[in-house]
Amino acid sequence: MNRRILTATLLAAALGLSACGEKAEQPAAGAPPTELTFSILSAENQASTQPLWQPLLDDMSAQIGIPVKPYFATNYTSLVEAMRFKQVQLGWFSASPALQAIKRADGEVLGRVVDASGEGTYTSVIIARKGSGVTLEKILKCDKTISFGMGDTQSTSGTLAPKTYLFTPRNIDPQACFKTVRAANHQANVFAVANGVMDAATNNSVGLLFAARQNPKVAEKVEVIWSSPPLPESSIVVRRDMDPALKEKIRQFFLTYGTGSDAAAEKQREVLKGLAYGGFRPADNTYLNPVREMEASEGLAVAKRSGDKAKIAAAQAEFDKVTADAARSRAENPPTP
């Protein structure tokens, strides 16, 4: 992303924050907050997303004793910037923006999502319209005959994973490969492919699940022609400077949500079902090590394409450090189901 586009994006994010309402009055130093704001990526639209999340936020408010309101963002940059400027204190982040929140917004992973079957991963996919004749082989020909939809530049499944696992190993630059390249959210990409506006596009297994549930006639028009290796599922990120006692209340809320045997827990499981989740599990910042490795790998590939020896050396050093740190973390903390 060039500097002019980045500046415009950050300005739009700032304007979006101010437009979402007046900032809550800040409590005196040392006093507990009177309100928390929870950020949510509205990958579809707020009208369809808010009814899914509001019951969980209401339950959180009741359990921790502090009102929790939502902040819906339509892009990943807005999520990170909102936490960076303390407009939000916690939120639901997919893997790549969660890592950016840690690096740039004093964020900390509090827990991770598992799906209805208990899996803590999902996959990036490429979809094409059924019957269109568009195949992975045609895409990889790179002959500028295919129109292609990417995701947000900060999206793990929409951009990073397809580059890391499909395009970069084949020395393919999507911008030079396809007739046109357009970046959009997952819902827009499904509609674009289903309606023949784009020949193919990135998406993910969770996005397709929501598409099938909310727009079945549209979803049945597309098919998956490529899937990535497993990716870390979404996580709950909080500001690191949050009061430790409040942070622990929030942690316990998520880790126990939907786990009881009474009527309240059953109601919570229905909320989780609406979100296509099975619940939450403990996690810390090391949960995002696979994304760190993907980013370092992509950075090294870009440096090698540049031919700049200094850039290559720096990228190689970063790659070696990240992979060594990740290997050490895996040895010290074997993954739990």
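Higher on the page you've got the structure.
Everything numeric here is computed off the predicted structure, so don't read it as measured data. (Residues numbered from 1 in each chain as written. Predicted model: local features only at pLDDT ≥ 70, side-chain atom pairs only at ≥ 80, totals over all residues. Heavy atoms only, no water.)

Colleague: How do you make sense of the overall build of the protein when you look at a structure like this?
Modeller: What the protein contains, in helices and strands, is 14 helices and 13 strands. In the protein, which comprises 337 residues, the proportion classed as buried is 46%. Put simply, of all contacts in the protein between residues at least 6 apart along the chain, 77% involve residues at least 24 apart. For the protein, the exposed surface amounts to about 16300 Å²; the carbon and sulfur share of it is 55%. (Helix = DSSP H or I, 4+ residues; strand = E, 2+ residues; numbered from the N terminus. Buried < 20%, exposed > 50% of the residue type's maximum accessible area, 1.4 Å probe, protein only. Contact = heavy atoms within 4.5 Å. Areas by Shrake-Rupley, 256 points an atom, 1.4 Å probe, with all protein chains shown as cover.)

Colleague: Help me understand helix H9 (residues 205-214) in this model?
Modeller: Structurally, the α-helix is built with 3.6 residues per turn, so residues lying three or four positions apart point the same way. Residues of H9 that are buried include every one of Gly207, Leu208, Phe210 and Ala211, and no others. The buried side chains of H9 occupy one side of the element, clustering within an arc of 160° when seen end-on. At the N-terminal boundary of H9, the capping side chain belongs to Asn204, with an oxygen 3.0 Å from the backbone nitrogen of Val206. (Arc of directions from axis to C-beta. Polar contact = N/O pair within 3.5 Å; in protein donor to acceptor, adjacent residues only side chain to side chain.)

Colleague: How do you make sense of the sheet that holds strand E2 (residues 68-73) when you look at a structure like this?
Modeller: Consider a sheet: its strands pair through backbone hydrogen bonds, and that pairing is either parallel or antiparallel. Taking strand neighbours across the sheet as the criterion, the six strands line up as E2-E1-E3-E12-E4-E13 in an open arrangement whose pairing is mixed. Of all the strands in the sheet, just E2 and strand E13 (277-282) have a single pairing partner and so form its edges. Strand-to-strand, the axes of this sheet are offset by a mean angle of 25°, without reference to chain direction. Looking at chain direction, strand E4 (residues 107-115) and strand E12 (residues 235-239) are connected through five bridges and run antiparallel. Across the sheet, the residue bridging to Val109 is Val237, located in E12. (Pairing = 2+ DSSP bridges. Axes fitted to C-alpha atoms, helices over the stretch in contact; angles between N-to-C directions.)

Colleague: Any chance you could explain the environment of Gly278 here in plain terms?
Modeller: Note that Gly278 resides in strand E13. The spacing of Gly278 and Val113 is 165 residues in sequence and 7.6 Å in space, taken between C-alpha atoms.

Colleague: What's the story with the pattern of salt bridges in this structure? I'm lost.
Modeller: Once the charged atoms of two side chains with opposite charge are near each other, the side chains can pair. Enumeration over the complete set of coordinates arrives at 14 salt bridges. Across the salt bridge formed by Arg328 and Asp325, the nearest N and O atoms sit 2.5 Å from each other. Linking Arg328 with Asp325, this pair stays in helix H14 (residues 309-332), spanning three residues, or about one helical turn. Residue classification places Arg328 among the partly exposed positions, given a relative accessible area of 44%. For Asp325, a relative accessible area of 28% gives the class partly exposed. (Salt bridge = Lys/Arg side-chain N within 4 Å of Asp/Glu carboxyl O.)

Colleague: I tried to follow the packing of helix H4 (residues 95-104) against helix H13 (residues 289-306) on my own but got confused; where do I start?
Modeller: The angle between the axes and the distance between the axes are what describe a pair of packed helices. Two elements in contact, H4 and H13, have axes whose closest approach is 9 Å; the angle formed by their N-to-C orientations is 90°. Overall, the two elements H4 and H13 adopt an arrangement that is roughly perpendicular. Of the residues in H13, those in contact with Ala95, Ser96, Leu99, Gln100, Ile102 and Lys103 of H4 are Val291, Arg292 and Glu295. A breakdown of the residues in the contact of H4 with H13 according to their chemical character gives four nonpolar, two polar and three charged. (Parallel < 35°, antiparallel > 145°, perpendicular 65-115°, else oblique. Nonpolar A, V, L, I, M, F, W, Y, C, P; charged D, E, K, R; others polar.)

Colleague: Just to check I follow, could you spell out the packing of aromatic side chains for this structure?
Modeller: Within a pair of aromatic rings, the relevant descriptors are the distance that separates the centres and the angle that separates the planes. Scanning the entire structure with this criterion turns up 11 aromatic pairs. Between Phe38 and Phe254, the ring centres sit 6.4 Å apart and the planes meet at 25°, which makes this aromatic pair stacked. One end of the pair, Phe38, is in strand E1 (residues 36-41); the other, Phe254, is in helix H11 (residues 244-256), and 216 residues separate them in sequence. Classification of Phe38 by relative accessible area gives buried; the value is 0%. Overall, the relative accessible area of 4% leaves Phe254 in the buried class. With 6.2 Å between their ring centres and 75° between their planes, Tyr277 and Phe280 make a pair best called edge-to-face. Each member of the pair, Tyr277 together with Phe280, is buried. Members of the aromatic cluster, each reached through a chain of ring pairs, are Phe38, Trp53, Trp92, Phe253, Phe254, Tyr257, Tyr277 and Phe280. (Phe/Tyr/Trp six-rings, centres within 6.5 Å; stacked < 30°, edge-to-face > 60°.)

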